[in-house]
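# A look at the structure
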Amino acid sequence: MFLLSINTGMDLVKLLNLKIKDVKRKHYINVDRNKVIPLNQKILDLIKEIVGNGRIDEYLFLNSRGSKIHRITIFNIFKDVCAELGLDKYSIISWRKTFAYHHYKKYNDLAYLLWLFNQTSVKVALKFIDVNENMNLKYREGVCL
């Protein structure tokens with residue numbers, strides 16, 4: 001679940017609602033009507049391993065009783081793991097932020113992140129991924145007419 005989130009930027013609720021039919025033998029995930037997220041090879045291999053012989057109508061992530069996992073359960077598990085590791089400032093939202101930060105650093109593409117996370121301002125997006133850049137100086141230095 002963690003790897004799928006940091007490689008796609010999907011939020012926890014959407015991850016928990018995924019069914020095997022949503023990902024089996026696909027190279028993308030339909031998140032909303034207008035959003036399709038491509039899957040890299042690492043994630044395709046992971047999905048293949050997770051899916052195994054599961055029925056297509058089953059949720060991708062099940063608890064030990066074979067039913068859908070509740071988001072609070074994941075919050076608590078991740079909180080406990082972080083506490084054990086001494087990482088007190090991390091939460092489930094850190095998964096999406098990790099994806100966003102690395103996507104921005106690799107592609108320098110805020111438009112995609114604004115679209116993916118339904119954000120309306122560059123300032124909000126940069127704050128979300130903890131990038132503190134002075135955009136005014138960054139782009140004005142390069143213009144010489």
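One structure accompanies this document, and this report is about it. Here the structure is a predicted model, which is why all the values come from computation and not from measurement.

Here we come to the pairing of strand β2 (residues 35–38). With burial as the criterion, only one face of β2 is covered, namely that bearing K35 and I37; the residues V36 and P38 on the opposite face remain uncovered. One ladder, built from four bridges, connects strand β1 (residues 28–32) with β2; its direction is antiparallel. By the bridge assignment, I29 is partnered in β2 with I37. If you look at the hairpin formed by β1 and β2, you'll find two residues sitting between the two strands.

Our next topic: the environment of Y101. Take Y101: it is sitting in helix α6 (residues 93–107). Residues Y101 and F128 lie 27 residues apart in sequence; the distance between their C-alpha atoms is 8.7 Å. Setting aside residues no more than four positions away along its own chain, Y101 makes contact with I129 and V131.

The final tally for this structure, using the stated rule, is four salt bridges. Between K14 and D32 there is a salt bridge; the shortest N-O distance is 4.0 Å. Placement of the pair is K14 in helix α2 (residues 12–17) and D32 in strand β1, with a sequence separation of 18 residues. Its relative accessible area of 27% is what places K14 among the partly exposed residues. As a salt-bridge pair, R55 and D57 come within 3.3 Å of each other at their nearest N and O atoms. Overall, the relative accessible area of 44% leaves D57 in the partly exposed class.

Quick look at the environment of N53 now. By the secondary structure assignment, N53 is in the loop between α4 (41–51) and α5 (71–85). As a C-alpha pair, N53 and F75 span 22 residues in sequence and 28 Å in three-dimensional space.

Those residues of α4 not exposed but buried are I43, L44, I47 and V51. Summarising the axial view, the buried residues of α4 lie within an arc of 105 degrees, below the 170-degree limit, and thus occupy one face. Facing away from the buried side of α4, by more than 90 degrees, are the exposed residues K42 and E49. Those residues of α4 hidden inside the fold are in contact with α1 (2–8) and α3 (20–23). Residue N40 occupies the N-cap position of α4, its side-chain oxygen lying 3.1 Å from the main-chain nitrogen of K42. One or two steps after α4, the chain reaches G52, where phi turns positive at roughly 50 degrees.

When a protein is soluble and globular, its nonpolar side chains tend to lie buried together. In terms of nonpolar packing, the biggest core is built from 38 residues, with M1 and L4 touching the most fellow members. Those elements that place two or more of their residues in this core are α2, α3, β1, α4, α5, α6, α7 (110–116) and α8 (122–128).

Once that is clear, we can look at α6. Over its 15 residues, α6 runs 21 Å from end to end, which matches the ideal 21 Å to within 8%, given 1.5 Å per residue. Of the positions making up α6, those classed as buried are S94, W95, R96, F99, A100, H103 and Y104. Taken from the residues just after α6, N108 is the one with a positive phi, measuring 55 degrees.

Analysis parameters
- Residues numbered from 1 in each chain as written.
- Predicted model: local features only at pLDDT ≥ 70, side-chain atom pairs only at ≥ 80, totals over all residues.
- Heavy atoms only, no water.
- Buried < 20%, exposed > 50% of the residue type's maximum accessible area, 1.4 Å probe, protein only.
- Helix = DSSP H or I, 4+ residues; strand = E, 2+ residues; numbered from the N terminus.
- Pairing = 2+ DSSP bridges.
- Contact = heavy atoms within 4.5 Å.
- Salt bridge = Lys/Arg side-chain N within 4 Å of Asp/Glu carboxyl O.
- Arc of directions from axis to C-beta.
- Polar contact = N/O pair within 3.5 Å; in protein donor to acceptor, adjacent residues only side chain to side chain.
- Core = buried A, V, L, I, M, F, W, Y, C linked by side-chain atoms within 4.5 Å.
- Expected span 1.5 Å × (residues − 1).

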